[in-house]
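Topology and contacts: notes
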Amino acid sequence: MPPLRILHLKDHRPGHYHLAEGVIAAIARRRTVAVNALQISRARWFPNRLMASAIAAGLPGRALLRTGFGVAAADLVESDLVIAAGGDTMGALVGSARHLRARAIYCGTWKHFATSDVDLVVTSYDSHAERPRHLVALKPSGIDPDAIGPPIAPAAFNVERPPAAIGLLIGGDSGLFTYAREDWDALFALIEDLHAGYACRFVVSTSRRTPAPVGDRLQALANRAGETTSITTLIDYRTAGPGTLPQVFRASDAILCTADSSSMISEAISARRPVLGLVPQDNAFKPEEAAYRAMMETRHWCRFVPLRAVTPDALLQALETLSPMQEHHLDALAQRLAERLPTLFEN
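Right, let's walk through the structure included here. (Residues numbered from 1 in each chain as written. Predicted model: local features only at pLDDT ≥ 70, side-chain atom pairs only at ≥ 80, totals over all residues. Heavy atoms only, no water.)

**Some thoughts on the side chain of Ser 230**
Condition: Only runs of H or I of at least four residues qualify as helices and only runs of E of at least two qualify as strands under DSSP, and these elements are numbered from the N terminus. Between N or O atoms, a polar contact is any pair within 3.5 Å; within protein, one atom must be a potential hydrogen donor and the other a potential acceptor, and residues adjacent in sequence are included only when both atoms are from side chains. Residue contacts are defined here by distance: any two heavy atoms, one from each residue, within 4.5 Å place the two residues in contact.
Relative to the assigned elements, Ser 230 resides in the loop between helix 7 (212-222) and strand 9 (231-235). At 2.9 Å, the side chain of Ser 230 forms a polar contact with the side chain of Glu 192. The contacts of Ser 230, once residues within four sequence positions are left out, are Ile 191, Glu 192, His 195, Cys 200, Arg 201, Phe 202, Leu 221 and Arg 224.

**Some details on the environment of Leu 59**
Mapped onto the secondary structure, Leu 59 falls in the loop between helix 2 (48-56) and helix 3 (61-69). Taking the C-alpha atoms as reference points, Leu 59 and Pro 211, 152 residues apart in sequence, are found 43 Å from one another. Other than its neighbours up to four places away in sequence, Leu 59 contacts Ala 54, Leu 64 and Arg 98.

**Examining the packing of helix 10 (residues 262-270) against helix 11 (residues 287-298)**
Heads up, the rule is: For helices, the fitted line uses only the C-alpha atoms of the stretch in contact; every axis is such a line through C-alpha atoms, and the angle between N-to-C directions lies from 0 to 180 degrees. Orientation labels follow simple angle bins: below 35 degrees gives roughly parallel, above 145 gives roughly antiparallel, 65 to 115 gives roughly perpendicular, and whatever is left gives oblique. Two helices crossing with the near one rotated counterclockwise from the far one by less than a right angle form a left-handed crossing, whereas a clockwise rotation gives a right-handed crossing. Amino acid classes used here: Ala, Val, Leu, Ile, Met, Phe, Trp, Tyr, Cys and Pro are nonpolar; Asp, Glu, Lys and Arg are charged; the rest, including Gly, are polar.
For the pair helix 10 and helix 11, the least separation of the axes is 12 Å and the interaxial angle reads 20 degrees. As judged from the angle between their axes, helix 10 and helix 11 are roughly parallel. Between helix 10 and helix 11 lies a crossing of left-handed hand. Counting all contacts with helix 10, which are made through Ser 262, Ile 265, Ser 266 and Ile 269, the residues of helix 11 involved are Glu 289, Tyr 292, Arg 293 and Met 296. Partitioned by chemical class, the residues of the contact of helix 10 with helix 11 number four nonpolar, two polar and two charged.

**As for helix 7**
Inclusion rule: Residue burial is assigned from relative accessible area. The probe radius is 1.4 Å, only protein chains are included, and a residue is buried under 20% of its type maximum, exposed over 50%, and partly exposed in between. Note that the arc is computed from the directions linking the helix axis to the C-beta atoms.
For helix 7, every residue scored as buried is listed here: Val 214, Gly 215, Leu 218, Leu 221 and Ala 222. The buried residues of helix 7 occupy an angular sector of 120 degrees when the element is viewed end-on, so they sit on one face. Of the surrounding secondary structure, the elements contacted by the buried residues of helix 7 are helix 6 (181-198), strand 8 (201-205), strand 9 and helix 8 (237-240).

**Regarding the nonpolar core**
Stated formally: Only buried residues count toward a nonpolar core, which is a set of Ala, Val, Leu, Ile, Met, Phe, Trp, Tyr and Cys residues joined through side-chain atoms within 4.5 Å.
Residues Leu 168, Phe 202, Phe 249, Leu 256, Ile 269, Met 296 and Leu 315 are the most contacted members of the largest nonpolar core, which totals 61 residues. Looking at this core, the element that brings in the most residues is helix 6, giving seven residues. Grouped together as the second largest cluster of nonpolar side chains are 29 residues, Ala 43, Phe 69, Ala 84 and Val 94 included.

**Details of the sheet that holds strand 7 (residues 165-169)**
The strands that make up a sheet pair up through hydrogen bonds in the backbone, lying either parallel or antiparallel. Selection rule: When DSSP finds at least two bridges between two strands, those strands are taken to pair.
Ordered in space as 9-8-7-10-11-12, the six strands form an open sheet in which the pairing is parallel. Two strands bound the open sheet, and with one partner strand each, they are strand 9 and strand 12 (302-306). Neighbour-to-neighbour, the strand axes of the sheet open up by a mean angle of 20 degrees, direction not taken into account. Pairing of strand 8 with strand 9, which is carried by four bridges, proceeds in the parallel orientation. Bridging across to strand 9, Ser 205 finds its partner in Ile 235.

**Details of the environment of Arg 209**
Of note, Arg 209 is situated in the loop between strand 8 and helix 7. Given the relative accessible area of 23%, Arg 209 is considered partly exposed. When the C-alpha positions of Arg 209 and Ala 189 are compared, they lie 21 Å apart, and in sequence the two are 20 residues distant. Among all residues touching Arg 209, those that are not within four sequence positions of it are Gly 171, Gly 172, Asp 173, Ser 174, Asp 260 and Ser 261. At a separation of 2.4 Å, a polar atom in the side chain of Arg 209 contacts the side chain of Asp 260.

**Some points on the sheet that holds strand 1 (residues 4-10)**
In spatial order, the strands read 2-1-3-4-5-6; together these six strands make up an open sheet with parallel pairing. Sheet topology places strand 2 (33-39) and strand 6 (134-136) at the edges, where each strand pairs with a single neighbour. On average, each strand axis in the sheet is tilted by 20 degrees relative to the strand beside it, whichever way the strands run. Sheet analysis places strand 3 (residues 81-85) next to strand 4 (residues 103-107), joined by five bridges and oriented parallel. Looking at strand 4, one finds that Val 82 is bridged to Ala 104. Here helix 1 (residues 14-28) sits on the sheet and contacts strand 1, strand 2, strand 3, strand 4 and strand 5 (120-123); the angle it forms with strand 3, its principal contact strand, is near 145 degrees.

**Comments concerning the pairing of strand 5**
The side-chain alternation of strand 5 yields two buried faces, one formed by Leu 120 and Val 122 and the other by Val 121 and Thr 123. Note that strand 4 and strand 5 share three bridges and pair parallel. Considered in strand 5, the bridge of Ile 105 is made with Leu 120.

Keep in mind these values describe shape, not function.
This is how it looks when you write it as structure tokens:
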């Protein structure tokens, strides 16, 4: 079977383009793929609603690409499938797929454009399940869990059996989440108390949203010598950039994640580790996002605990209630993609 030629349209947000990478990785479990990535930026003056109206009125895909994204359609590589994620990529996805006469898959919430403008929408919201051409799944991740290690067994850790190595994924203010100084102080106290009371060591990764003072405090903690060092590895986004989570997962028995990012939480679940989300005092969820996180809790993949109130004992007790994912999430997604778009997996 010849490689499936995929054009991946990327905005500048890792939380978005990692979703598309997850779909590509799932397809690659069943057939060879040849991927070309194209970084794009939408013209601020040309919103999606106007783009959708222009497409509906008959604007050619090549014109939309040139006007809205500064992309010359003639420069696009011939492709069988176009994949994108994030609102700023929708118009480019439609324009590219039309010009190339290719299939189109979008990850996220499909708005403004017609459903017929895309072949499949991969969404994480159950409330979208009945929408045409929609597939509901855990937020896709391109991380191969077999490369991380075997899945952690249910209820593997508790107060008597604390995890030796804890991965800590740190985000920052986002949407309806705001971290006050008291929240960050509570996080650092939790790190120190788990290390002092249970000999837990931490592998820490920050993100583009992590405040610089928090990154500096983590660096100071990681630089402490000998047995007083609670942080064995610090991956600072400011110098390391994106794409470092597999390193954290491979070195960790359990994962703590600030609760502002459902993408980070989903990736940790896909790595088949028990996951706890640390929730700041100032937080709120949009209804669809609240339902998504409730689903993850119902399946016992993760739990969410209040950052300022949780104690080491309570945190370890919460870990005992978890049953990490055991299946290979990429194989599961590939199966569902094959059911919905069987021609992608045929000659």
